[in-house]
Amino acid sequence: MSECFSFDPQKAGWTRFIPVAAFGVIMLGGFAVTQTSLRDVPEEKWEGIGKIHRLLDGEATRQFSTQLNEHFLLSKPFAKIERGVTWTIAGDTGASVRRGCDGWLFLSDELTPYAHAAENAAARARIITQTAADLQMRGIKLVVAVVPDKTRIEENHLCGLHRPAGFANRLNDWVGTLANNKVEVLNFAPALSAMSGERYYRSDSHWNERGANVAATILADRLQSLKLVDKPATAPDPKAIQSNTTERSGDLMRVSNLEGLPAWMRPATEVTQVSKVAPVAVASDDLFGDAGLPTVALVGTSFSRAANFVPFLSQHLGAPVANLAKDGGDFDGAAYAYLNSKEFKTQPPKVVVWEVPERMLQKTLTASEKKWLETFKS
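None of these values were measured; they are calculated from a predicted model.

Things to note about the pattern of salt bridges
- Enumeration over the complete set of coordinates arrives at 13 salt bridges.
- Measuring nitrogen to oxygen at the nearest pair gives 2.8 Å for the salt bridge that ties glutamate 184 to arginine 222. Here arginine 222 lies in helix 10 (residues 209–225) and glutamate 184 lies in strand 4 (residues 184–187), a separation of 38 residues in the sequence.
- Accessibility expressed as a relative area gives 24% for arginine 222, which makes it partly exposed.
- Via salt bridges that share partners, Asp149, Arg152, Arg163, Arg170 and Glu358 belong to a single interconnected network.

This is how it looks when you write it as structure tokens:
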């Protein structure tokens, strides 16, 4: 015998009004949130929304939906909830970040093959080779410092992440090309590989202070051995570097949108060394001359702005270093901007250090790089 559901309003009593009341609350709440969300939309964004032809063809509806999506009051809380669910259930870190083991995160760029990789790397080698020749004509020495991938140096923490076999020789091959072209080039990979312990941050795409300090030491030694800079008369002041151990959230936490999650839900915050490095003063009596200008100018990427790399380099050189690196500057951004600046033309340094990350060697050429290459043909 089949049974069917029957509703008796008398037996339900006041509870029969719950669905209606809930529906009303949801509707009123949605209306209030929508009205509040759209309150700050600029007036020009509503232009033409009331025209008949736009209402009939659906353009007005799309215009309204666009503004609501862009200004929706609860979009950030909803995004955090979605991010927390995908991370907790699937360990998802987004398209730009890959998850290793034991809390290690890596940039997807370091694991991604690119079309025309060899040609792209050769083009960048040509830019540097021509730039070195141009600087040499002005009596300025170019030294290229190449930073290896985090996935290369900390490969023991990849734990199943695939790094293409073709990447094994790309760093040495590119460095070899520059050396064959008579460009002074320094590869940090051997020294970083020989170190014990961690050399890069776990939750950041950059080297940590241990790795940065070793790289700075090697670069300072190379500049001094080439007699491009003088060796300091005295050893660095041990009190110039004050280090502490503290919690630090890296850029890969932000890129993967995990930073805003509750502490119990996101990966553990990294505990690492963070230092304050005193600047090196210029010893000069020439108050109005050029004796106080830095001998070394550094161009490059966020590696030169991370983990006190340039302050460490300055301490090892016993002299200031002009840090002209750019966050997000890609391969050429900082170099092109500085070498075409009024500052460079009027007060050129004796040495330009160009820091280059391995992960940028084979990427698709940008419009600015293609433009730079075109200047060599004229």
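From this point on, the discussion continues.
Some points on unusual backbone geometry
- For lysine 227, which is not a glycine, the phi torsion comes out positive at approximately 60°.
- Along the chain, the position of lysine 227 falls in the loop between helix 10 and strand 5 (241–248).
- By relative accessible area, which is 73% here, lysine 227 ends up exposed.
- Even without a glycine there, the phi angle at aspartate 330 is positive, about 55°.
- Summarising the element assignment, aspartate 330 is placed in the loop between strand 8 (321–323) and helix 13 (333–339).

Side note on the side chain of serine 302
- Residue position: serine 302 is located in the loop between strand 7 (296–299) and helix 12 (309–317).
- Judged by its relative accessible area of 15%, serine 302 falls in the buried class.
- Side chain to side chain, serine 302 and histidine 206 meet in a polar contact 2.6 Å long.

Digging into the packing of helix 10 against helix 12
- Look at helix 10 against helix 12: their axes get within 8 Å of each other, and the N-to-C directions meet at 40°. Taken together, the axes of helix 10 and helix 12 are oblique relative to one another. With respect to the hand of their crossing, helix 10 and helix 12 are arranged in right-handed fashion. Within the contact between the two elements, helix 10 uses Glu209, Ala212, Asn213, Ala215, Ala216, Thr217, Leu219, Ala220, Leu223 and Gln224 and helix 12 uses Phe309, Phe312, Leu313, His316 and Leu317.

Section: the nonpolar core
- Counting residues in hydrophobic clusters, the biggest one holds 35 residues, and the most contacted among them are Ile128, Val144, Trp174 and Trp354.
- Taken together, the elements giving at least two residues each to this core come down to helix 6 (117–137), strand 3 (141–147), helix 8 (170–180), strand 7, helix 13, strand 9 (351–357) and helix 15 (367–375).
- No other element matches the seven residues that helix 6 contributes to this core.
- The next biggest cluster of nonpolar side chains, apart from the first, holds 32 residues, and it includes Phe188, Val296, Phe312 and Val351.

So, the side chain of serine 314
- In this fold, serine 314 is placed in helix 12.
- Contact partners of serine 314, with chain neighbours within four places excluded, come to Val280, Ala319, Pro320 and Val321.

Digging into helix 12
- Counting buried positions over the nine residues of helix 12 gives seven, a clear majority of the element.
- Where helix 12 is buried, its residues meet helix 10, strand 5, strand 6 (270–277), strand 7 and strand 8.

Calculation criteria
Residues numbered from 1 in each chain as written. Predicted model: local features only at pLDDT ≥ 70, side-chain atom pairs only at ≥ 80, totals over all residues. Heavy atoms only, no water. Salt bridge = Lys/Arg side-chain N within 4 Å of Asp/Glu carboxyl O. Helix = DSSP H or I, 4+ residues; strand = E, 2+ residues; numbered from the N terminus. Buried < 20%, exposed > 50% of the residue type's maximum accessible area, 1.4 Å probe, protein only. Polar contact = N/O pair within 3.5 Å; in protein donor to acceptor, adjacent residues only side chain to side chain. Axes fitted to C-alpha atoms, helices over the stretch in contact; angles between N-to-C directions. Parallel < 35°, antiparallel > 145°, perpendicular 65-115°, else oblique. Left-handed = near helix turned anticlockwise from the far one by under 90°. Contact = heavy atoms within 4.5 Å. Core = buried A, V, L, I, M, F, W, Y, C linked by side-chain atoms within 4.5 Å.

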